[in-house]
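# Report on the structure
Residues per chain, in single letters:
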Amino acid sequence: MRDETIYKRDEKGKAVSKKLKTISKRIRFKDRSININRTITIGRDELNDIVIKDDPLVSRMHAFIEKKGEDYYILDKDSTNGSYLNNNPIPKGKRLKITSGDIIIVGKTKLEML
């Protein structure tokens, strides 16, 4: 089986989206499990810091989170299906500030900012 991103708005994507359950994963910036002194990448590719292999609506290199000073920001990496912050689309090329309690959605996967 080829590793491909499925476009969620075509027939195949709609069928896959209906079958998939939304998966919740937690991002723990306060813990040492993820190094917050650098950019954190999110996607299907094994090279990402947060690897989401079980969601074909996630692009290989989907988004990244970076720390600037005391603040955190998310940027969609021109993914096929986009990224969402608190159910609002993240505009292409725009970094959005994220805070505790925010929900990031990539594909059908939710990540919660603690």
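First, a word on what this report is: a plain description of the structure on this page. (Residues numbered from 1 in each chain as written. Predicted model: local features only at pLDDT ≥ 70, side-chain atom pairs only at ≥ 80, totals over all residues. Heavy atoms only, no water.)

### Topic: the pattern of salt bridges
Just so we agree on the cut-off: Here a salt bridge means any side-chain nitrogen of Lys or Arg lying within 4 Å of a carboxyl oxygen belonging to Asp or Glu. Note on conventions: DSSP H or I runs of at least 4 residues are helices, E runs of at least 2 residues are strands, and numbering of each starts at the N terminus. The buried label applies to any residue whose accessible area, calculated with a 1.4 Å probe on protein chains only, is under 20% of its type's maximum; exposed applies above 50%, and partly exposed to all values in between.
Evaluation of the coordinates by the stated rule reveals five salt bridges. Between E66 and R95 there is a salt bridge, and its shortest N-O distance comes to 2.2 Å. With E66 in strand 4 (residues 63-68) and R95 in the loop between strand 7 (88-89) and strand 8 (96-98), this residue pair connects regions lying 29 residues apart in the sequence. Measuring nitrogen to oxygen at the nearest pair gives 3.6 Å for the salt bridge that ties D78 to K92. In this pair, D78 is assigned in the loop between strand 5 (71-76) and strand 6 (83-85) and K92 in the loop between strand 7 and strand 8, connecting sequence segments 14 residues apart. When its relative accessible area of 61% is taken as the criterion, D78 is described as exposed. Overall, K92 belongs to the exposed group, its relative accessible area being 55%. Taken together, the salt bridges that share partners define one network made up of D76, D78 and K92.

### Observations regarding unusual backbone geometry
Positive phi is not limited to glycine here, since D78 has a value of about 60 degrees. The backbone phi angle of N86 is positive, close to 55 degrees, even though this residue is not glycine.

In short, geometric facts, not functional conclusions.
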